[in-house]
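Chain by chain, the residues run as shown.
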Amino acid sequence: MESYEIPVLAVKGLRKQYGDGCSYCSGPKKEGLERNFCPQCGTVYACQDISFEVYEGEILGVVGESGSGKSTMMSCLYFDQEATDGEVYISGYEEGKSNILRQSRQQRRYIKNHLMGIVYQNPEKGLKMDFSAIGNIAEKLIAAGHRNVSAMETRGKALLQHVNIPLFRIKDIPRNFSGGMQQRVQIAKALSNNPPILLLDEVTTGLDLSVQANVLDLIKGLQRELGISIVVVSHDLAVIRMLADRTIVMLNGKVVEEGLTDQILEDPQHPYTQQLVHSLL
Amino acid sequence: MKIAYNYAFFDEGSKREIRRATLKAIAIPGYQVPFASREMPIARGWGTGGLQLTLSLIGKSDVLKVIDQGSDESVNAVSIKRLIQATTDVAITDETKEATLLQSRHRIPEVPLQENQILVLQVPIPEPLRWIEASEYATKRLHADREYSGAWLMLFEQIMKHGHISTGADHPVEINDRYVMAPSPIPRFDNPKLHMSKALILLGAGREKKIYAVPPYTKVVSLAFEDYPFEPEDFSDKVCRLCGSKGVYMDELVDEAGIAYYQCNDASYCLQALNQSDKQTEVMG
Ligand SMILES: Nc1ncnc2c1ncn2[C@@H]1O[C@H](COP(=O)(O)OP(=O)(O)O)[C@@H](O)[C@H]1O
Ligand SMILES: [Mg+2]
Ligand SMILES: [Zn+2]
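For clarity, every value in this text was computed on a predicted model and none was experimentally measured.

A. Up close: the coordination of the zinc ion (ligand 3). All names here are of chain A. Donor atoms from the polypeptide that bind the zinc ion (ligand 3) are Cys-22 (SG), Cys-25 (SG), Cys-38 (SG) and Cys-41 (SG), placed at 2.2 to 2.3 Å. Every donor counted, the four donor atoms about the zinc ion (ligand 3) form angles of 106 to 111° at the centre, which fits tetrahedral coordination. Read in sequence order, the donor residues coordinating the zinc ion (ligand 3) give the pattern C-x2-C-x12-C-x2-C.

In structure tokens, the structure reads:
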């Protein structure tokens, strides 16, 4: 077997529910649900049995309407929330043989500090808005055990320049930055420890179109240059079309379609995907 | 009219409760133990945390010293001493080496502490991560995970801004290779005195309802980076104008001519040094 066949990230049967469920909704098929929630007990089944794999250097797109469970999935992968059930394996941790969702809190911190980076839609979530931009980069380096100021400063400068933050602004606070700049600082921070996996959740949503294009170009460039594996989430199929090699389509917490992005765009199978593609044209 | 107080102001149950929290604090160096902080006849924020520790520990044979920023005579130190004496009748001293129980705000005395002594430090903000994280729930988890990036980040930011670490006081320490702890607003100069201290050091925060401890002979390391080592304030070239001492923590003052001069911050140390040198001149003269 060749090494490129081992996925960098493998997700199997990931589930996340809000609420305990009842006799009406707890069956394996969840037939009584309205969209993603139980009308009897109000339990929300935000992610239901989500499985996918991401290979080295690949960008996987995740598209779906608002409320389909994309952010919930991402935050479970980054341990911001605890998944209800499921398995996640990453090749960089114990050769992809241990379910990272079942590791101790310390181990999970290690994994997210060394092996993952995330960029949130809302920069307030990913950055300390009143700390310097370079301090925000240092935070992730410090968390990974770095204790040398000059080395961290050098690395931080290089990263921020790489994402086109001018040198004279690196000690400014992100609160005083434009939305596009804030996202670029988040990207630099996420990349600081050279993680093999980058999670991007609606990175360009809410930005002006020209700024959006600029950030998307940056992501594409970084991916080509660093060979990093990326999961990119968006409700906007246009963003997915521009970035993703392969795509999964989510609806009401479930994966309803998956395949090569080009294929999905040309020949969507699921009625929901067809609707998405048509609205894009 | 004489008001009947219990010995040392508190009822025995309250004292026991504080002592239980204290024992737990000693067992887990640097861990902030919650306790039921009591109403005191002085305002919170004026050393009620320290005072409660002192009152829970004090016994008839104790000799008490109370200092406030190095002074035994400040209003605050005097009113604390008055309250304690009114309810205990213990002996009071200014001399560090005579005291068995010392309560202090913002300083560790210059005279090295001994095994038979307990130092109680008054703490306004016990949480070293508060600056970075407002939620108590979140900081508790960070301590549990030994996740102290925030404390380091604070120092990193200072270096980015000022070119050096600029914690005036309360420079965070790691204790017993485990917890990061706020040493209370003592100057950096006093941080090294925490390391392997012969005396038990207890820290009490009244408003925040926390007790924590540096047990005797415990490793205490001030946080610093590889290329920005920890540096206490440097007074090596300063001499006290009153007593001629060197190598202690000095206050900078300005005389009428506008010229800066230095004076020991620890007033009782200064007085003692002055007496010592007077004696010497008498002998020589
Ligand atoms: N803390 C929560 N409690 C209850 N329901 C939640 C919570 N967080 C998210 N949800 C629900 O989970 C579903 C998925 O939300 P989300 O993952 O944010 O979707 P997306 O990112 O695809 O827009 C939505 O129905 C949302 O209302
Ligand atoms: Mg979302
Ligand atoms: Zn139900």
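Now that the structure has been shown, the text picks up again.
B. How the structure looks around the confidence of the model for chain B. Looking at chain B, the pLDDT average stands at 93 and 96% of residues meet or exceed 70. Interface predicted TM-score (ipTM) for the complex: 0.90; the corresponding pTM is 0.91.

C. Broad picture of the packing of helix 5 (residues 149-162) of chain A against helix 6 (residues 179-191) of chain A. All names here are of chain A. Running from N to C, helix 5 and helix 6 point in directions that differ by 135°, and their axes come no closer than 9 Å. Classified by the interaxial angle, the pair formed by helix 5 and helix 6 is oblique. The two elements helix 5 and helix 6 cross, and the hand of that crossing is right-handed. Packed against helix 5, whose contacting residues are Arg-155, Leu-159 and Leu-160, the element helix 6 presents Val-185, Ala-188 and Leu-191 at the interface.

D. How the structure looks around the site of ligand 1. Residue and element names in this part refer to chain A. All residues in the neighbourhood of ligand 1 are listed as Tyr-18, Asn-36, Val-44, Ala-46, Glu-65, Ser-66, Gly-67, Ser-68, Gly-69, Lys-70, Ser-71 and Thr-72. Between ligand 1 and Tyr-18 there is a distance of 3.4 Å, counted from a nitrogen atom to a side-chain nitrogen or oxygen. Measuring from an oxygen atom of ligand 1, one finds a side-chain N or O atom of Asn-36 at 3.0 Å. Taking 570 Å² as the accessible area of ligand 1 by itself, protein coverage stands at 60%. Counting only elements with at least two residues in the shell around ligand 1, the list comes to strand 2 (44-54) and helix 1 (70-77). It is helix 1 that provides the largest number of residues to the shell around ligand 1, a total of three residues. Classifying every residue of the shell around ligand 1 gives three nonpolar, seven polar and two charged.

E. Focus on helix 1 (residues 12-27) of chain B. All names here are of chain B. Helix length check: helix 1 (16 residues) gives 22 Å between terminal C-alpha atoms against 22 Å at 1.5 Å per residue, within 8%. Within the sequence span of helix 1, burial applies to Ser-14, Lys-15, Ile-18, Ala-21, Thr-22 and Ala-25. Taken end-on, helix 1 shows its buried residues confined to a sector of 125°, consistent with a single buried face. Along helix 1, exposed side chains directed more than 90 degrees from the buried face belong to Arg-20, Leu-23 and Ala-27.

F. Spatial organisation of the sheet that holds strand 10 (residues 220-222) of chain B. Residue and element names in this part refer to chain B. Judged by pairing direction, the sheet is antiparallel, and its three strands sit side by side in the order 7-6-10 without closing on themselves. Looking at strand neighbours, the two that pair on one side only are strand 7 (179-181) and strand 10, the edges of this open sheet. Geometrically, the sheet is characterised by an average inter-axis angle of 30° between neighbouring strands, direction not taken into account. Sheet topology note: the strand 6 (residues 173-175)/strand 7 ladder contains three bridges and is antiparallel. The partner of Val-173 across the bridge, within strand 7, is Met-181.

G. Examining the sheet that holds strand 8 (residues 246-251) of chain A more closely. Residues and elements named next belong to chain A. Here we have six strands laid out as an open sheet, ordered 5-6-7-3-8-9, and mixed in their pairing. Both edges of this open sheet fall to strand 5 (116-119) and strand 9 (254-260), since each of them pairs with a single strand only. Shown here is a sheet whose adjacent strand axes are inclined to one another by a mean of 15°, direction ignored. Alignment of strand 3 (residues 59-64) against strand 8, held across five bridges, turns out to be parallel. When the bridges of strand 8 are listed, Val-63 appears paired with Val-249.

H. Spatial organisation of the interface of chain B and chain A. Each partner contributes to the interface: chain B provides 18 residues, whereas chain A provides 20 residues. Carbon and sulfur atoms supply 60% of the area buried between chain B and chain A, which totals about 1900 Å² over both sides. Counting the surface chain B buries against chain A, the share from its top three residues, Asp-145, Phe-156 and Met-160 of chain B, is 32%. Where chain B packs against chain A, one counts two salt bridges. Its salt-bridge partner being Arg-105 of chain A, residue Asp-145 of chain B comes within 2.8 Å of it at the nearest N-O pair. Among the elements of the structure, helix 4 (136-144) and helix 5 (149-162) of chain B are those that each provide at least two residues to the side of chain B that touches chain A. Top element by residues in the side of chain B that touches chain A is helix 5 of chain B. It accounts for seven residues. Here the residues of the side of chain B that touches chain A sort into 11 nonpolar, one polar and six charged.

Reading guide: rules and limits
Residue positions are given per chain, counted from 1 along the sequence in the order it is written. Note on labels: chains are lettered from A, ligands numbered from 1, in written order. Per-residue local features of the predicted model are confined to residues with pLDDT of at least 70, and side-chain atom pairs are confined, for both listing and counting, to 80 or more; whole-chain, interface and lining totals are unaffected and use all residues. As a convention, hydrogens and water are excluded, and side-chain values are obtained from all of the structure's heavy atoms. Each metal's donors comprise the N, O and S atoms found within 2.8 Å of it (within 3.2 Å for Na, K or Ca). Water is not part of the atom list, so some coordination spheres may appear incomplete. Labels for metal geometry use angle windows, namely 85 to 135 degrees for all angles of a four-donor tetrahedral site, and for square planar (four donors) or octahedral (six donors) sites opposite donors over 155 degrees apart plus all others within 65 to 115; sites meeting none of these are irregular. Confidence per residue, as judged by the predictor, is encoded in pLDDT with a range of 0 to 100. Axis lines are fitted through C-alpha atoms, for helices just across the contact stretch, and the angle between N-to-C directions can take any value from 0 to 180 degrees. Secondary structure elements follow DSSP: runs of H or I of four or more residues count as helices, runs of E of two or more count as strands, with numbering from the N terminus. Oblique is the label for any angle not covered by the other classes, which are roughly parallel (under 35 degrees), roughly antiparallel (over 145) and roughly perpendicular (65 to 115). Definitions for this section: a left-handed crossing has its near helix turned counterclockwise from the far helix by less than a right angle. A right-handed crossing has that turn clockwise. Here a residue-residue contact requires only that any non-hydrogen atoms of the pair lie within 4.5 Å. Whether a residue is near a molecule or strand depends on its heavy atoms: it is near if one of them lies within 4 Å of it. Any pair of nitrogen or oxygen atoms within 3.5 Å is treated as a polar contact; in protein, a donor-acceptor pairing is required on top of that, and neighbouring residues in sequence qualify only through side-chain atoms on both sides. Per-residue accessibility takes into account occlusion by the displayed protein chains alone, with areas from the Shrake-Rupley method and a 1.4 Å probe. Residue polarity follows a fixed list, in which Ala, Val, Leu, Ile, Met, Phe, Trp, Tyr, Cys and Pro are nonpolar, Asp, Glu, Lys and Arg are charged, and the others, Gly among them, are polar. Under the convention used throughout, the expected extent of a helix is 1.5 Å for every residue step, that is, one less than its residue count. Partly exposed residues are those whose accessible area sits between 20% and 50% of the maximum for their type, while under 20% is buried and over 50% is exposed, using a 1.4 Å probe and protein chains only. Here, the arc refers to the directions that run from the helix axis to the C-beta atoms. Paired strands, in this sense, are two strands between which DSSP finds at least two bridges. Note on terms: buried area is the combined drop in 1.4 Å-probe accessible area of two parts once they are placed together, counting the loss on both. Each reported salt bridge corresponds to a side-chain nitrogen of Lys or Arg within 4 Å of a carboxyl oxygen of Asp or Glu.

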